[in-house]
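Residue-level structure breakdown
So the chains spell out like this:
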Amino acid sequence: MSQLRELHSVIQVCEQLKEQISCEFVGLAMQNEGSPDVRWHYASGNLNDKYKRITVRFGKGIAGKIISSGSPMMLEEFPANIAGKVTDYPIMLAEKLVSTYAVPLFFNSVPKGVLLVGKREKYIFSEQEQEMVQDSASLLEQLLMGDIL
Amino acid sequence: MDPLKMKQKINSYIIDSQEEEIKRIALELHEGVGQNLYSILTGLQFIESGTQEPAMKNYVREMELLIGKTIQEIRLLSVELHPPALTTLGLLPAMKSYIKCYTSTFGILVDLNSDGIEKQIPEKDRIAVFRVCQEALMNIAKYADTSNVKINFFWKKDELKITIDDFGKGFQPKEYGDSSGLAVMKERMLLTGGQCVISSKIGEGTSVEISLPLE
């Protein structure tokens, strides 16, 4: 799992998605093997390498909430109208994201990952764009199935 | 009584009461809820070992992972509210432990150095200094746009001096002079008999200098 950011097919899916919906950031968070920790394993369009050191808190922030609820989530104008504190959203702060849409990645019917796209401006992701993110997430689920199970 | 002294006494009372309540909730989470969840986890592990059916075994394992995550989160929440190291081990070990958690939350690297021999500080002052450092680090995560922070502890004979430098984007101190967060940091240090000086320059970063008199 630690070499995930070197997996060519994963990079390809993420880069393609970034181009398709013209977003500035794509991130992939996955649960570590044999531990409840969820980390950002791959990022594209990142401003720094903070994402590599961030551990997603269960139930906190956008990725944490998605893993605990198993449902997609959208933020249109961070930090307006967020649940909790600004500091509960470390990836938004680290990457200076203002809008984001993120979906869960399911393995064995359990959410164990998050695919997140983001922009550094106020934005509402259209239904078509949301579908594109979902399609990429399904592709990633298939690609990573062997690593998870 | 002098109105200023009266105001300080009230502020001190409010802060102390809040800290007591925070400490109580943190302990309750750690010793109560956390321990109960741990018992549930042990029970689930026992069930898993006695289950033969693969699907059920897998389901129980997933439940164990979920409980494990919840225990970890309860522990983090408890430590975040009131680090036990602050009471048992002292200010410096508590800061070291907090910094580990801070880096894994925000991805910001903190270089902590201590010069001199650590001295015993009354718990009330220890908590005040810790909270001010915590507030400074939170402000860095929110506004500084930086990946590196340097914290220096200087233990002198009659004073503890702490400097926090973020090398981030900085701000115009005049524009944020009325910020309640910065005012609280200064007030908390004043109540201990110490001081908190915040200086910043656009493009060069922000520097927080805390001093606490030692007996």
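A brief look at the structure comes next. Note that the structure is predicted; figures quoted are calculated from it, not measured.

On to the sheet that holds strand S4 (residues 73–75) of chain A, then. Residue and element names in this part refer to chain A. With antiparallel pairing, the six strands of this open sheet are ordered in space as S3-S2-S1-S6-S5-S4. Each edge of the open sheet is held by one strand with a lone partner, namely strand S3 (55–56) and S4. Sheet topology note: the strand S1 (residues 25–31)/strand S6 (residues 110–119) ladder contains six bridges and is antiparallel. Considered in S6, the bridge of Ala 29 is made with Val 114. Strands in contact with helix H1 (residues 8–20) are S1, strand S2 (38–44) and S6; relative to S2, the strand with the most contacts, it is inclined by about 65°.

What follows covers the interface of chain B and chain A. Taken together, the contact pairs 24 residues of chain B with 22 residues of chain A. Summed over both partners, the interface of chain B with chain A buries about 2000 Å², with 52% contributed by carbon and sulfur atoms. In terms of surface lost to chain A, no three residues of chain B exceed Lys 69, Glu 73 and Phe 106 of chain B, which account for 26% of the buried area on that side. Seen at the junction of chain B and chain A, the total is two salt bridges. Salt-bridge contacts for Glu 62 of chain B lead to Lys 112 of chain A; the nearest nitrogen and oxygen are separated by 3.4 Å. The interface formed by chain B and chain A contains five residue pairs in polar contact (both at pLDDT 80 or more). When residues of the side of chain B that touches chain A are traced back to their parent elements, those giving at least two are helix H2 (54–81), helix H4 (91–106) and helix H5 (123–144) of chain B. Considering each element in turn, the side of chain B that touches chain A owes the most residues, eleven residues, to H2 of chain B.

The next thing to look at is the nonpolar core. Soluble globular proteins: nonpolar side chains tend toward being buried together. Counting residues in hydrophobic clusters, the biggest one holds 67 residues, and the most contacted among them are Met 95, Ile 151, Phe 153 and Ile 164 of chain B. Tallying contributions element by element places H5 of chain B first for this core, with ten residues. Dropping the residues within four chain positions of it, Phe 153 of chain B is found in contact with Leu 91, Leu 92, Met 95, Leu 112, Asn 113, Ser 114, Asp 115, Leu 160, Lys 161 and Ile 162 of chain B. Membership of the second largest hydrophobic core comes to 21 residues, among which are Ile 21, Met 30, Phe 107 and Phe 125 of chain A.

Our focus in this paragraph is the state of the cysteines. All names here are of chain B. Under the defined criterion, the tally for this structure stands at zero disulfides over all chains. Residue Cys 101 stays outside any disulfide, its sulfur separated by 15 Å from that of Cys 133, the closest cysteine. Residue class for Cys 101 comes out buried when judged on its relative accessible area of 17%. In this structure Cys 133 is not part of a disulfide, and its nearest cysteine sulfur, from Cys 196, lies 8.8 Å away. Residue Cys 133 is classed as buried on the basis of its relative accessible area, which comes to 0%.

Cut-off values and rules
Residues numbered from 1 in each chain as written. Chains lettered and ligands numbered in written order. Predicted model: local features only at pLDDT ≥ 70, side-chain atom pairs only at ≥ 80, totals over all residues. Heavy atoms only, no water. Pairing = 2+ DSSP bridges. Helix = DSSP H or I, 4+ residues; strand = E, 2+ residues; numbered from the N terminus. Contact = heavy atoms within 4.5 Å. Axes fitted to C-alpha atoms, helices over the stretch in contact; angles between N-to-C directions. Buried area = accessible area lost by both parts, 1.4 Å probe. Salt bridge = Lys/Arg side-chain N within 4 Å of Asp/Glu carboxyl O. Polar contact = N/O pair within 3.5 Å; in protein donor to acceptor, adjacent residues only side chain to side chain. Core = buried A, V, L, I, M, F, W, Y, C linked by side-chain atoms within 4.5 Å. Buried < 20%, exposed > 50% of the residue type's maximum accessible area, 1.4 Å probe, protein only. Disulfide = S-S within 2.5 Å.

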